[in-house]
Amino acid sequence: MLKSDQMPSISNKGKSMPQSPIRKLVPYAEDAKKRGVEVFHLNIGQPDIKTPEVALNAVKNNDLEILAYSRSEGSEEYRAKIAQYYLKNNINVSAQDIIVTTGGSEALLFTFGSIMDVGDEVIIPEPFYANYNGFSIASGVKVVPVISKIENNFALPPIEEFEKLITPRTKAILICNPGNPTGYLYSKEEVQELAGIVKKHDLFLIADEVYREFAYDGAKHYSVMEESGLENHAIMIDSVSKRYSMCGARIGCIVSKNKDVIQTALKFAQARLSPPTYAQIASEAALETPQSYFDEVIDEYVERRNTLIEELQKIEGVKVAKPNGAFYCIAELPVKSSDEFAQWLLEEFNLNNQTIMVAPAAGFYSTPGVGANQIRIAYVLNKESLIKAVSILKEALKVYND
Ligand SMILES: Cc1ncc(COP(=O)(O)O)c(C=O)c1O
């Protein structure tokens, strides 16, 4: 007989899924707000930039009578237009090399599923986008980290460090360029070093390029798809979320010249039927966004970054790497545990009834203990709010006692 308190058990995989380090503090932030404290959100990459009107209008002015499935690989028109957009960015691909996904997130999941089996290994420079851990666990894949250092601005670790970690189970190297959470933009030479090693060891090079447009100080983004001779190795992950401040559209894509990869990813895509139809309409229209939109957005982010870094550098004991891409930076704080500090900021601290929410950086590393005194700051707030937020951090560090 079953006892009434018996319950079917959760999978080991489910138990090992990490909580999002970015979202796990949300309940504390909600409590702070209920107490009337204003919270500055530096914790999440949700830009405050307006979505291009062309994209919103394409949905508003649409007279669809049936909101039907699209093709599993994404609508033909949309894929053809994305290919044209890539061509303008020096990336020579056609619609056949593209599978539209439900965000870059699904593109990563399908890529892992397409190229790796349970027990296979993927080498990733850390700190890395925390959800790579989740996608790896969901796919039964082992993350093998290579530490990049704040002292070097999180540049690519020496290529020998990667080579040392390659085993018979290694299937891929995954980079995020420009990086979340580091803001580091890899140079052409760094991408070419990676190209050399994946060719030598017959691995895939997955490049998450969802922040491609966000390259600062005249630096030019160099895509893995631009590198000749890498056609069978390179897989690019992309998304409209950040480019057009369209995170809620949930549209991304996988791009590869490797036909086996695309054909396999298509089977995963067929299993979930189709990416969202309205969101593809919006994303297709977003491709008409004028260059002036991007110029303004980039100017805005550069100004925010400069303000943030200058203000952080004024705080004693804080170390920060100046990012040249994306809209994040990692800061090292004079605290033992940024996890506890971030929670304390929300639970116990306020300055004139205002506080900040930051993302503890330990969740962006897979080596235990590393990054425990670091936080990730997303500069997705306007300049005035950023100045206020950093002054809150400065006062908080004066009174925090760990
Ligand atoms: C590096 C990186 N890759 C992928 C994603 C996933 O984005 P989405 O699923 O919204 O396209 C994000 C989102 O923040 C990200 O920062």
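In this report, we go over the structure that sits alongside the text.

Criteria and cut-off values
Residues numbered from 1 in each chain as written. Predicted model: local features only at pLDDT ≥ 70, side-chain atom pairs only at ≥ 80, totals over all residues. Heavy atoms only, no water. Helix = DSSP H or I, 4+ residues; strand = E, 2+ residues; numbered from the N terminus. Rg over C-alpha atoms; globule rule 2.2 N^0.38 Å. Buried < 20%, exposed > 50% of the residue type's maximum accessible area, 1.4 Å probe, protein only. Contact = heavy atoms within 4.5 Å. Areas by Shrake-Rupley, 256 points an atom, 1.4 Å probe, with all protein chains shown as cover. Phe/Tyr/Trp six-rings, centres within 6.5 Å; stacked < 30°, edge-to-face > 60°. Lys NZ or Arg CZ within 6 Å of the ring centre and 35° of its normal. Right-handed = clockwise from strand over helix to strand, strands pointing away. Pairing = 2+ DSSP bridges. Near = heavy atom within 4 Å. Polar contact = N/O pair within 3.5 Å; in protein donor to acceptor, adjacent residues only side chain to side chain. Nonpolar A, V, L, I, M, F, W, Y, C, P; charged D, E, K, R; others polar. Salt bridge = Lys/Arg side-chain N within 4 Å of Asp/Glu carboxyl O. Axes fitted to C-alpha atoms, helices over the stretch in contact; angles between N-to-C directions. Parallel < 35°, antiparallel > 145°, perpendicular 65-115°, else oblique. Left-handed = near helix turned anticlockwise from the far one by under 90°.

## Concerning the overall build of the protein chain
Along the protein chain, the regular secondary structure elements total 13 helices and 13 strands. In terms of overall dimensions, the protein chain is globule-like: its C-alpha atoms have a radius of gyration of 22 Å, near the 21 Å expected for 402 residues. Taken over the C-alpha atoms alone, the protein chain extends approximately 65 × 60 × 50 Å along its principal axes. In the protein chain, which comprises 402 residues, the proportion classed as buried is 55%. Pairs at least 24 apart in sequence give 76% of the contacts found in the protein chain among residues at least 6 apart. Of the roughly 18200 Å² that the protein chain leaves accessible, carbon and sulfur atoms contribute 50%.

## Things to note about the packing of aromatic side chains
Counting across every chain of the model gives 19 aromatic pairs. An aromatic cluster of at least three residues, connected via ring pairs, comprises Tyr-211, Phe-214, Tyr-301, Phe-327, Tyr-328 and Tyr-379. Looking at Arg-304, its charged tip hangs above the ring of Tyr-301, at a distance of 5.4 Å from the centre.

## A few points about the pairing of strand E6 (residues 204-208)
With five of five residues buried, E6 lies mostly within the body of the structure. A crossover links strand E5 (residues 170-176) with its parallel partner E6, the connecting element being helix H8 (residues 188-200), and its sense is right-handed. As judged from the four bridges shared by E6 and strand E7 (residues 234-239), these two strands associate in the parallel manner. When the bridges of E7 are listed, Asp-208 appears paired with Ile-237.

## Some remarks on unusual backbone geometry
The linkage connecting Asn-177 with the following residue, Pro-178, adopts the cis geometry, with an omega of -10°. Tracing the chain through its elements places Pro-178 in the loop between E5 and H8. Residue Asn-180 is joined to Pro-181 through a cis peptide bond whose omega torsion reads 20°. Its place among the elements puts Pro-181 in the loop between E5 and H8. With a phi angle near 55°, Asp-202 is a residue other than glycine that sits in the positive phi range. Along the chain, the position of Asp-202 falls in the loop between H8 and E6. With a phi angle near 70°, Leu-273 is a residue other than glycine that sits in the positive phi range.

## A look at the site of the ligand
Near the ligand lie 13 residues; those nearest to it are Gly-104, Ser-105, Asp-208, Tyr-211 and Ser-239. A distance of 2.5 Å is found between an oxygen atom of the ligand and a side-chain nitrogen or oxygen belonging to Ser-105. In this structure, an oxygen atom belonging to the ligand sits 2.7 Å away from a side-chain N or O atom of Arg-250. Burial of the ligand by the protein amounts to 93% of the accessible area it has alone, namely 390 Å². No other element matches helix H5 (residues 103-115), which puts three residues into the shell around the ligand. Among the residues forming the shell around the ligand, the class breakdown is four nonpolar, six polar and three charged.

## A short note on the pattern of salt bridges
Per the counting criterion, the structure on display carries 23 salt bridges. Taking the shortest distance from any N to any O, the salt bridge between Arg-71 and Glu-73 comes out at 2.8 Å. Arg-71 sits in the partly exposed class, given a relative accessible area of 42%. Glu-73 sits in the buried class, given a relative accessible area of 14%.

## Things to note about the sheet that holds E7
The mixed open sheet is built from seven strands, whose spatial order is E2-E8-E7-E6-E5-E3-E4. Where the open sheet ends on each side, the last strands, each with one partner, are strand E2 (98-101) and strand E4 (142-147). In this sheet, adjacent strand axes meet at a mean angle of 20° when their direction is disregarded. Of the strands in this sheet, E2, E7 and strand E8 (252-255) are in contact with helix H4 (residues 76-88), which crosses E2 at around 115°. On the sheet, helix H9 (residues 259-271) packs against E2, E6, E7 and E8 and is oriented at approximately 25° with respect to E2.

## Points about the sheet that holds strand E12 (residues 359-360)
What the four strands build is an open sheet, ordered E9-E10-E13-E12; its pairing is antiparallel. Looking at which strands have only one partner, the edges of the open sheet turn out to be strand E9 (319-320) and E12. Strand direction decides the pairing type here: E9 and strand E10 (residues 328-332), joined by two bridges, are antiparallel. Counterpart to Lys-319 in the pairing with E10 is Glu-332. Where helix H11 (residues 291-313) meets the sheet, it contacts E9, E10 and strand E13 (374-378), and its direction lies at approximately 5° from that of E10.

## Digging into the side chain of Thr-307
Mapped onto the elements of the fold, Thr-307 is located in helix H11. Overall, the relative accessible area of 8% leaves Thr-307 in the buried class.

## Here's the deal with the packing of H5 against helix H6 (residues 131-139)
Contact geometry of H5 with H6 gives a least axis separation of 10 Å together with a crossing angle of 40°. Taken together, the axis directions place H5 and H6 in an arrangement best described as oblique. For H5 against H6, the interelement crossing comes out right-handed. Taken together, the residues of H6 that come into contact with H5 (itself represented by Ser-105, Leu-108, Leu-109 and Phe-112) are Tyr-132, Phe-135, Ser-136, Ala-138 and Ser-139. For the contact of H5 with H6, the class distribution of residues is six nonpolar, three polar and no charged.

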